[in-house]
Amino acid sequence: SAVISQKPSRDICQRGTSLTIQCQVDSQVTMMFWYRQQPGQSLTLIATANQGSEATYESGFVIDKFPISRPNLTFSTLTVSNMSPEDSSIYLCSVSPPGTNAFFGQGTRLTVV
Amino acid sequence: QKEVEQDPGPLSVPEGAIVSLNCTYSNSAFQYFMWYRQYSRKGPELLMYTYSSGNKEDGRFTAQVDKSSKYISLFIRDSQPSDSATYLCAARDNNAGNMLTFGGGTRLMVKP
């Protein structure tokens, strides 16, 4: 299993500003995943972050809006840039160590006003 | 068409009832199937997983996969109010990395 610490757990931000979400894992993992969960919706994958290379973004998500860092095998950050109310959502990081299932952080509940 | 489809509910049942939660999927390459439970304001937590077709039982929970019909089920026996949550099914093609494809989630309410 893997234990994931994600912070902040929630934040209320002004439109036009940026928020960086941190994700710390208690073991080394090759890939980390960032998801968005809009109110009442399921999880949508934003991007996959590999250590030492640029993140791979899913359709509809771009690096300028959601820059990701992956400085080592236990840590990643996701920044939500130039926020608008439409970015209000829960953001989740996840890891899936080889041979095991996917584990999630507790999520960051973001409200943009 | 989404690769994994799930009835959003809400599904409301009395305490003690048997609950059946279901998903269908379209990608034949999916081999690994999972059920996650998500309480309000929390991240998803893994409940059960199965590999290929068959049943898997864990306490009051039974996960079932029928690959011939591309159908995934989760049964909850003797449901409790504490089972009230959103249940997400997910599938993975192990030959395509570790990315999961999620259903939309079913909100379950168990009334005392």
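Calculation rules
Residues numbered from 1 in each chain as written. Chains lettered and ligands numbered in written order. Predicted model: local features only at pLDDT ≥ 70, side-chain atom pairs only at ≥ 80, totals over all residues. Heavy atoms only, no water. Helix = DSSP H or I, 4+ residues; strand = E, 2+ residues; numbered from the N terminus. Buried < 20%, exposed > 50% of the residue type's maximum accessible area, 1.4 Å probe, protein only. Contact = heavy atoms within 4.5 Å. Buried area = accessible area lost by both parts, 1.4 Å probe. Salt bridge = Lys/Arg side-chain N within 4 Å of Asp/Glu carboxyl O. Nonpolar A, V, L, I, M, F, W, Y, C, P; charged D, E, K, R; others polar. Disulfide = S-S within 2.5 Å. Phe/Tyr/Trp six-rings, centres within 6.5 Å; stacked < 30°, edge-to-face > 60°. Pairing = 2+ DSSP bridges. Axes fitted to C-alpha atoms, helices over the stretch in contact; angles between N-to-C directions.

## Quick notes on unusual backbone geometry
Going from A:Lys7 to A:Pro8, the amide bond is cis rather than trans, its omega being 0°. Topologically, A:Pro8 is positioned in the loop between strand S1 (4-7) and strand S2 (10-13). Positive phi, normally seen in glycine, also occurs at B:Arg41, with a value near 65°. Checked against the element boundaries, B:Arg41 lands in the loop between strand S4 (32-38) and strand S5 (45-51). Even without being a glycine, B:Lys70 presents a positive backbone phi close to 55°. If you trace the backbone, B:Lys70 turns up in the loop between strand S7 (61-66) and strand S8 (71-76). We classify B:Lys70 as partly exposed; its relative accessible area is 24%.

## Things to note about the interface of chain A and chain B
The interface is formed by 19 residues belonging to chain A together with 19 residues belonging to chain B. Taking both sides of the interface into account, the surface hidden between chain A and chain B amounts to around 1600 Å²; carbon and sulfur atoms contribute 50%. Where chain A packs against chain B, one counts zero salt bridges. When residues of the side of chain A that touches chain B are traced back to their parent elements, those giving at least two are strand S4 (31-37) and strand S5 (43-50) of chain A. At four residues, the largest contribution of residues to the side of chain A that touches chain B is made by S4(A). Split into classes, the residues belonging to the side of chain A that touches chain B amount to eight nonpolar, eight polar and three charged.

## With respect to the state of the cysteines
Inspection of the entire model under this criterion finds two disulfides over all chains. Disulfide partner of A:Cys23: A:Cys93, at an S-S distance of 1.9 Å. Handedness here is read from the sign of the S-S torsion; for A:Cys23 and A:Cys93, about 70°, the answer is right-handed. With a gap of 70 residues between them, A:Cys23 in strand S3 (residues 19-25) and A:Cys93 in strand S9 (residues 89-95) connect regions that are remote in the sequence. Both residues of the pair, A:Cys23 and A:Cys93, count as buried. Between the sulfur atoms of B:Cys23 and its disulfide mate B:Cys89 the distance is 1.9 Å. In this structure, the disulfide formed by B:Cys23 and B:Cys89 twists by about -105° around the S-S bond and is classed as left-handed.

## Quick look at the pattern of salt bridges
Counted under the stated rule, the structure contains four salt bridges over all chains. Note that A:Lys65 is salt-bridged to A:Asp87, the shortest N-O span being 2.6 Å. Pair noted here: A:Lys65 is in the loop between strand S6 (56-57) and strand S7 (68-72) and A:Asp87 is in the loop between strand S8 (75-80) and S9, with a separation of 22 residues, a long-range link. Exposure remark for A:Asp87: the relative accessible area of 5% places this residue in the buried category. A salt bridge links B:Asp83 to B:Arg60, with the shortest nitrogen-to-oxygen separation between them at 2.9 Å. Of this pair, B:Asp83 sits in the loop between S8 and strand S9 (85-92) while B:Arg60 is found in the loop between strand S6 (54-58) and S7, placing the two residues 23 residues apart along the sequence. Relative accessible area serves as the criterion here: at 2%, B:Asp83 is assigned to the buried category. Judged by its relative accessible area of 26%, B:Arg60 falls in the partly exposed class.

## Some words on the packing of aromatic side chains
On inspection of all chains with the given rule, the structure shows 11 aromatic pairs over all chains. Taken together, a centroid distance of 5.7 Å and an interplanar angle of 50° make the contact between A:Tyr35 and A:Phe104 tilted. Here A:Phe104 lies in strand S10 (residues 103-104) and A:Tyr35 lies in strand S4, a separation of 69 residues in the sequence. Accessibility classification places A:Tyr35 together with A:Phe104 in one group, the buried group. Considering the side-chain rings of B:Tyr32 and B:Tyr49, the 5.6 Å spacing of their centres and the 40° angle between planes classify their relative orientation as tilted.

## Structural notes on the sheet that holds S8(B)
Residue and element names in this part refer to chain B. The five strands are arranged S1-S3-S8-S7-S6 in an open sheet whose pairing can be described as antiparallel. A strand with exactly one partner marks an edge of an open sheet, and here the two such strands are strand S1 (4-6) and S6. Each strand axis lies, on average, 15° off the axis of its neighbour in the sheet, ignoring direction. One ladder, built from six bridges, connects S7 with S8; its direction is antiparallel. Bridge pairing in S8 places Gln-64 opposite Ser-73.

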